[in-house]
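So the chains spell out like this:
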Amino acid sequence: MSTFLVVAEQKEGAFRQVTFEAVAAAKQAAGGAEITAVVLGRADQADELFSYGADNVLHVNDNQLDHYTPEGWSQALLQVIEQVNPDGIVLGHTAIGRDISPKLASRLKSGLVSDVVSIEDGPVFTRPIYSGKAFEKVTIDDGLVFFTIRPNNIASLEKQEGASGSVEEVSVTITDLQTVIKEVVKNTTSGVDLSEASVIVAGGRGMKNEENFTILDELASVLNGAVGASRGACDAEYCDYALQIGQTGKVVTPDLYIAVGISGAIQHVAGMSNSKVIVAINKDPEAEIFQIADYGIVGDLFEIVPKLTEEFRKAAV
Ligand code: FAD
């Protein structure tokens, strides 16, 4: 029986939403093949993968894999791939997926379709090119169907409560790790993961200083969203580079993106132009961000943002 392998990703002991989206994407691309999910390291909730559509779940129980390292994960995955011999492999286009998938593809002598945003029968993959200015459609004529999916674009299957199966333990041999992660220290202003947030409030150089980012935190928290930033704001040390959105930062596709005091440089737009609804707040009516915004508010952000927070707070009550 042919199978598609989905590489699960976890954060703080829970699967990332993109893992469930990858199971759905694998089903779309697999044309009836089985879906096998593989969990590396700690796996408190491996069962949950069955309820999102996985037919089989493999678990590599080795605590050297609890935290991602390119060496550890690639050694483990190459051995799992050899055992399973899949027809397809799917990962999230996350920091991990972006890092490890080219490495695996080169070791497997396979092609790789990265950053897929939708899949049609065939399978035909759609992916953005030229920093999101255009889309291309890609098919794989022969060999392994290896692709990564952009978070938040392909819907996961509805959770089937009570779906279950048995998680199969798989052993691999990990040798000579040059890097060992001892501790991960969290360093973001919001608890919501930027690449999976459905609402993002992003600040630019117009925020003027680090303290003013508090008004963005407040707005994001009322909307249950995450705070992001332009590189202008990061360079000016208003916030951490982990928040940077754009060509050299994170690529995001939330349902709602509120750009606050951001001019709309092409490198920023490359990371957020596929957001479903874009709202821009800028005092310069000629700012380029208004060209891609669905709604524009021309004015002083220091007046507008607190008013928005207040109104959303009232609406939430
Ligand atoms: P600015 O361009 O300075 O804009 C600030 C805006 O705030 C202005 O439009 C102003 O009108 C508005 N403003 C000021 N005060 C107020 C107020 N009180 N109320 C309302 N509005 C106000 N940038 C990224 O963001 N992400 C990237 O990944 C990225 N990668 C890059 C890669 C390369 C190779 C290069 C060369 C550049 C990259 N950049 C990136 C930088 C990019 O070109 C811009 O310099 C940057 O996006 C500008 O940030 P900004 O919009 O916050 O600042």
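All chains use their own residue numbering, which begins from 1 and follows the written sequence. The model is predicted, so local features are restricted to residues of pLDDT at least 70 and side-chain atom pairs to those at 80 or more, both for listing and for counting; the totals for chains, interfaces and linings are taken over all residues. Each side-chain value is worked out from all heavy atoms of the structure, with water and hydrogens disregarded.

A. Structural context of helix 5 (residues 213-222). Residue exposure (1.4 Å probe, protein chains only): buried if accessible area is under 20% of the type maximum, exposed if over 50%, otherwise partly exposed. Strands are runs of DSSP state E lasting at least 2 residues, helices are runs of H or I lasting at least 4, and numbering of each runs from the N terminus. Within the span of helix 5, buried status applies to Phe 213, Ile 215, Leu 216, Leu 219 and Ala 220. Buried positions in helix 5, seen along its axis, are confined to an arc of 150° and lie on one side of it. Taken together, the buried residues of helix 5 touch strand 13 (199-203), strand 14 (226-229), helix 6 (231-235), strand 15 (256-260) and helix 9 (301-316). Arc, as used here, means the arc of the directions from the helix axis to the C-beta atoms. Whether two residues touch is decided by their heavy atoms; if any such pair falls within 4.5 Å, the residues are in contact.

B. Representation of the sheet that holds strand 10 (residues 134-138). At least two bridges found by DSSP between two strands are what make those strands a pair. Ordered in space as 8-9-10, the three strands form an open sheet in which the pairing is antiparallel. The sheet is open, and its two edges are formed by strand 8 (118-120) and strand 10, each paired on a single side. Here the strands of the sheet are splayed against their neighbours by 30° on average, with no regard to which way each runs. Judged from the three bridges that link them, strand 8 and strand 9 (residues 124-129) form a sheet pairing that is antiparallel. Its bridge partner lying in strand 9, Ser 118 is registered against Thr 126. To get an axis, fit a line to the C-alpha atoms, keeping to the stretch in contact for a helix; angles then go from 0 to 180 degrees between the N-to-C directions.

C. Region of interest: the packing of helix 5 against helix 9. At a closest axis distance of 9 Å, the pairing of helix 5 and helix 9 adopts a crossing angle of 25°. Here helix 5 is positioned roughly parallel relative to helix 9, judged by the angle of their axes. In terms of crossing hand, the pair formed by helix 5 and helix 9 is left-handed. Along its contact with helix 5, which presents Ile 215, Leu 216, Glu 218, Leu 219 and Val 222, the element helix 9 presents Leu 301, Phe 302, Val 305, Leu 308, Thr 309, Phe 312 and Arg 313. Working definition: roughly parallel below 35 degrees, roughly antiparallel above 145 degrees, roughly perpendicular at 65 to 115 degrees, and oblique for all remaining angles. Each crossing is labelled by how the near helix is turned from the far one, with a counterclockwise turn of less than a right angle marking it left-handed and a clockwise turn marking it right-handed.

D. Representation of the packing of aromatic side chains in the model. Centre distance within 6.5 Å is the pairing criterion for rings of Phe, Tyr and Trp, where only the six-membered ring of Trp is used; planes under 30 degrees apart are then read as stacked, over 60 as edge-to-face, and the remainder as tilted. Scanning all chains against the criterion turns up four aromatic pairs. Three or more aromatic residues joined by ring pairs form one cluster here, namely Phe 15, Phe 20 and Tyr 52.

E. Structural view of the nonpolar core. Definition used in this section: a nonpolar core is a set of buried Ala, Val, Leu, Ile, Met, Phe, Trp, Tyr and Cys residues joined via side-chain atoms within 4.5 Å. If you look at the biggest cluster of nonpolar residues, it comprises 25 residues, and the most contacted ones within it are Val 38, Leu 40, Val 60, Trp 73, Leu 77, Val 80 and Ile 100. Elements with a contribution of two residues or more to this core: strand 1 (3-7), strand 4 (34-40), strand 5 (56-60), helix 3 (70-84), strand 6 (88-92) and helix 4 (95-108). Considering every element that reaches this core, the biggest residue donor is helix 3, with six residues. Once you skip the residues sitting within four places of it in the chain, Leu 77 turns out to touch Val 7, Val 38, Leu 40, Ile 100 and Leu 104.

F. Quick look at the sheet that holds strand 13. Read across the sheet, five strands follow the order 14-13-15-16-17 without closing on themselves; strand pairing throughout is parallel. Each edge of the open sheet is held by one strand with a lone partner, namely strand 14 and strand 17 (295-298). Neighbour-to-neighbour, the strand axes of this sheet turn through a mean angle of 20°, independent of strand direction. Of the strand pairs in this sheet, strand 15 and strand 16 (residues 277-282) are connected by five bridges, and their pairing is parallel. Counted as the bridge partner of Ala 259 is Ala 280 from strand 16.

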